[in-house]
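Structure at a glance
Each chain is listed here by its residues.
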Amino acid sequence: MQTEICRNCKDVVNEIFTGKLIDHHVRYFECPSCSYVQTETPHWLDQAYAEAINDSDTGIMLRNQVNARIVLTTMLMLRKLDGILVDYAGGHGILVRLLRDFGVNALWSDPYCKNLLAQGFEYSDEKADLVTAFEAFEHFIHPAEELDRLLTIAPNVLFSTELISDPAPKQDEWWYYGREHGQHIGFFRVRTLKKLARERGKFLLSNGTNYHLIIDKPASQQLWKVMIRANRIVPLLLRGKLVSKVWSDHNLMT
């Protein structure tokens, strides 16, 4: 049997169980070096991405509302409220439009999805202050390479992905494996993310569950965790500091 290699750090991985994605029997592996958990080489992705947004993603609107507040919170902590943000894997542009409504100079990027709500505000190689990748890392075939690509856009990367427990749960014990859509092919632990950050001279902040920030300067993880827990009040705190782009964007587009 062919030796499987970690798609994150290139070490040899160990098989941990076999499960089912869509209608495919799939082997899962864990890396002893970086703790990354991955599927076998994902040969089913054409089927999985027949539609860019999967039908079971009923939380897409609520999630984008929360993510918008998390972005505001992070930009406030980084003191980059007046900076440029790029939403990588931006989907249909929901988050970019929400952020621009708040007053953030947000730009859209996504090679696999049509921009429906943020047309005219596409990323075109501007140097940004923060790049976001919400619910994207679990989709990446080669996450380290994708992180390097993100860091060419901005020195700070804010992203979400659910952390996998240790030991890894069986496939029927964790919804995030995404058995029904087959798009989730790699899973992280804090140790995995710290290694990715450290190898690039960066620092990791994580809330320990699903939100993570890779930054180029040390910062208080406890402060960031408190701030993102209190994200509902952040838009209120920023009244008067940000000016909505709803009308200026309308004028620009017309």
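Provided above is the structure to which this section pertains.
Residues numbered from 1 in each chain as written. Predicted model: local features only at pLDDT ≥ 70, side-chain atom pairs only at ≥ 80, totals over all residues. Heavy atoms only, no water.

Looking now at the overall build of the protein chain. Scanning the protein chain from N- to C-terminus turns up eight helices and 10 strands. Taken over the C-alpha trace, the protein chain has a radius of gyration of 19 Å; the compact-globule value for 254 residues is 18 Å, and the two agree within 12%. Seen along its three principal axes, the alpha-carbon backbone of the protein chain occupies a region of about 60 × 40 × 30 Å. Considering only contacts within the protein chain whose residues lie at least 6 apart along the sequence, 61% involve residues at least 24 apart. Accessible surface computed for the protein chain: about 12500 Å², of which carbon and sulfur atoms make up 53%. Both charge centroids of the protein chain, one from 29 positive and one from 31 negative side chains, sit 8 Å from each other. (Helix = DSSP H or I, 4+ residues; strand = E, 2+ residues; numbered from the N terminus. Rg over C-alpha atoms; globule rule 2.2 N^0.38 Å. Contact = heavy atoms within 4.5 Å. Areas by Shrake-Rupley, 256 points an atom, 1.4 Å probe, with all protein chains shown as cover. Lys, Arg positive; Asp, Glu negative; His and termini not counted. Charge placed at Lys NZ, Arg CZ, Asp CG, Glu CD.)

Turning to the nonpolar core, a few remarks are in order. Ranked by size, the top nonpolar core spans 32 residues in total, and within it Val 131, Phe 137 and Val 157 carry the most contacts. Breaking this core down by element, the ones donating at least two residues are strand 4 (84-88), strand 6 (130-134), helix 4 (143-153), strand 7 (157-160) and helix 5 (190-198). The biggest single contributor to this core is helix 4, with five residues. Counting residues in each nonpolar core, the second largest holds 29 residues, with Leu 72, Met 75, Leu 158 and Ile 215 among its members. (Core = buried A, V, L, I, M, F, W, Y, C linked by side-chain atoms within 4.5 Å. Buried < 20%, exposed > 50% of the residue type's maximum accessible area, 1.4 Å probe, protein only.)

Here we take up a nonpolar patch on the surface. Taken together, the side chains of Ile 233, Leu 236 and Leu 237 present a nonpolar region at the surface, about 290 Å² in accessible area. Counting through the fold element by element, Ile 233 comes out in the loop between helix 6 (221-229) and helix 7 (234-237). With a relative accessible area of 45%, Ile 233 lands in the partly exposed category. (Patch = residues over 30% accessible without salt bridge, like charges linked within 9 Å, V, L, I, M, F, W, Y side chains within 5 Å. Salt bridge = Lys/Arg side-chain N within 4 Å of Asp/Glu carboxyl O.)

To continue, consider the pairing of strand 6. A large share of strand 6 lies buried, amounting to five of its five residues. Examined bridge by bridge, strand 4 and strand 6 share three bridges and lie parallel to one another. When the sheet's bridge partners are listed, Val 86 is paired in strand 6 with Val 131. In terms of strand pairing, strand 6 meets strand 7 through four bridges, oriented parallel. Residue pairing in the sheet places Val 131 in a bridge with Val 157 of strand 7. Following the backbone out of strand 6, through helix 4 and into the adjacent parallel strand 7, one traces a crossover that is right-handed. (Pairing = 2+ DSSP bridges. Right-handed = clockwise from strand over helix to strand, strands pointing away.)

Distances and angles like these do not, on their own, reveal function.
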